[in-house]
Amino acid sequence: MIPRPTQRLLLATLYDAFAQWAGTFTFACGKGCATCCTRSVTMTSLEGDEIIAFLAEAGRLSELAAPAFQPTANRMAQCTTNAFVAAHLRGESVEEAENWDLRPCPFLKEESCSIYPARPFGCRLFASLDPCAASGVADMPPGYLAGATALLQYIEHLDNNGCWGTMVELLAGLNTETENCGEPTAPIPGFLIAPDERALVEPLLQGLLAQEVNGQTFAQWLQISRS
Ligand code: SF4
């Protein structure tokens with residue numbers, strides 16, 4: 001298993017590569033736009049540790065003891081990204097969770113994210129070409145979601161022996177060191193990238209896979225993570 005500090009460096013590298021790629025699009029999103037900021041954002045325990053480190057450094061760890069972060073009896077998120085992709089590749093249908101909690105994220109303060117530098121990838125990929133506050137439906141460019149989903153898969157793959165769930169539930173579990181606070185993470189089973197999306201997505205993936213982190217390429221770390 002890759003040591004946590006190296007996993008965190010790989011996560012930061014992935015965040016940077018995605019920010020550069022996403023910066024080539026012109027989105028309508030901006031500060032104060034918080035339609036996507038609900039309690040249903042999902043993430044891995046690797047991203048959770050990043051948030052906990054950020055809160056600890058800012059002297060804000062006590063926020064996780066607030067009622068908003070109490071674990072719920074019925075876990076909402078049930079299928080990790082890689083489990084979802086694996087089921088699709090096997091031709092199986094995947095049941096979507098029906099009880100997503102669309103109340104505001106507890107980190108949303110005065111319409112801004114109070115953990116912005118440490119927000120998980122699920123928040124970073126939120127984007128729409130048109131203002132979506134009225135409809136609640138994001139308009140994403142062709143191929144954008146395929147690229148973002150591939151990176152969600154990389155993060156889950158790197159978080160070997162980790163867990164996955166909604167940000168709120170996972171942070172509640174990680175903060176109280178509760179075992180089995182999410183679904184176990186799974187390795188990459190393949191990707192759901194359509195042929196006509198490849199030209200847009202490949203530069204993102206190939207550029208990231210070639211980046212060096214602690215003497216190995218990102219691609220080599222992916223191999224090491226599950227070997
Ligand atoms: S962590 Fe920040 S960006 Fe993500 S949903 Fe919460 S307020 Fe929004």
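All values derive from a computational prediction rather than experimental measurement.

### As for the site of the ligand
Residues in close proximity to the ligand include C37, V41, C105, F107, L108, C113, I115, C123 and M167, which together make up its full environment. The site holding the ligand turns out to be the second largest pocket. Looking at side-chain class alone, the shell around the ligand contains 9 nonpolar, no polar and no charged residues.

### Regarding the packing of aromatic side chains
Under the counting rule described, the total for this entry stands at 12 aromatic pairs. Where F25 meets Y144, the ring centres are 5.6 Å apart and the plane angle is 90 degrees; that geometry is what we call edge-to-face. One end of the pair, F25, is in the loop between α1 (4-22) and β1 (42-44); the other, Y144, is in helix α5 (residues 144-158), with 119 residues separating them in the sequence. Pair check on accessibility: F25 and Y144 agree, each one buried. Put simply, the rings of Y15, F18, W21, F25, F27, F121 and Y144 pair up and form one aromatic cluster. Above the face of the Y15 ring, R124 is positioned so that its terminal group lies 3.6 Å from the ring centre.

### Quick look at the packing of α5 against helix α7 (residues 198-209)
In the contact formed by α5 and α7, the axes pass within 8 Å of each other and the chain directions differ by 25 degrees. In terms of their interaxial angle, α5 and α7 are classed as roughly parallel. In the crossing of α5 with α7, the sense of the turn from one axis to the other is right-handed. Residue-level contacts link Y144, A146, G147, A150, L151 and Y154 of α5 to L200, V201, L204, L205, L208 and L209 of α7. Taken together, the residues that form the contact of α5 with α7 break down as 11 nonpolar, 1 polar and no charged.

### Observations regarding helix α6 (residues 167-175)
When you tally the buried positions in α6, you get 7 out of 9 residues, the bulk of the element. Taken together, the buried positions of α6 are M167, V168, E169, L170, L171, A172 and G173. In this structure, the buried side of α6 is in contact with β1, α2 (45-57) and β4 (163-166). Phi for E177, located one or two positions after α6, is positive at around 50 degrees.

About the cut-offs
- Residues numbered from 1 in each chain as written.
- Predicted model: local features only at pLDDT ≥ 70, side-chain atom pairs only at ≥ 80, totals over all residues.
- Heavy atoms only, no water.
- Near = heavy atom within 4 Å.
- 1 Å grid on protein atoms, 1.4 Å probe; cavity = no way out; pocket = protein on both sides within 12 Å on 5 of 7 lines; lining within 4 Å.
- Sits in = over half its atoms within 2 Å of the grid points.
- Nonpolar A, V, L, I, M, F, W, Y, C, P; charged D, E, K, R; others polar.
- Phe/Tyr/Trp six-rings, centres within 6.5 Å; stacked < 30°, edge-to-face > 60°.
- Helix = DSSP H or I, 4+ residues; strand = E, 2+ residues; numbered from the N terminus.
- Buried < 20%, exposed > 50% of the residue type's maximum accessible area, 1.4 Å probe, protein only.
- Lys NZ or Arg CZ within 6 Å of the ring centre and 35° of its normal.
- Axes fitted to C-alpha atoms, helices over the stretch in contact; angles between N-to-C directions.
- Parallel < 35°, antiparallel > 145°, perpendicular 65-115°, else oblique.
- Left-handed = near helix turned anticlockwise from the far one by under 90°.
- Contact = heavy atoms within 4.5 Å.

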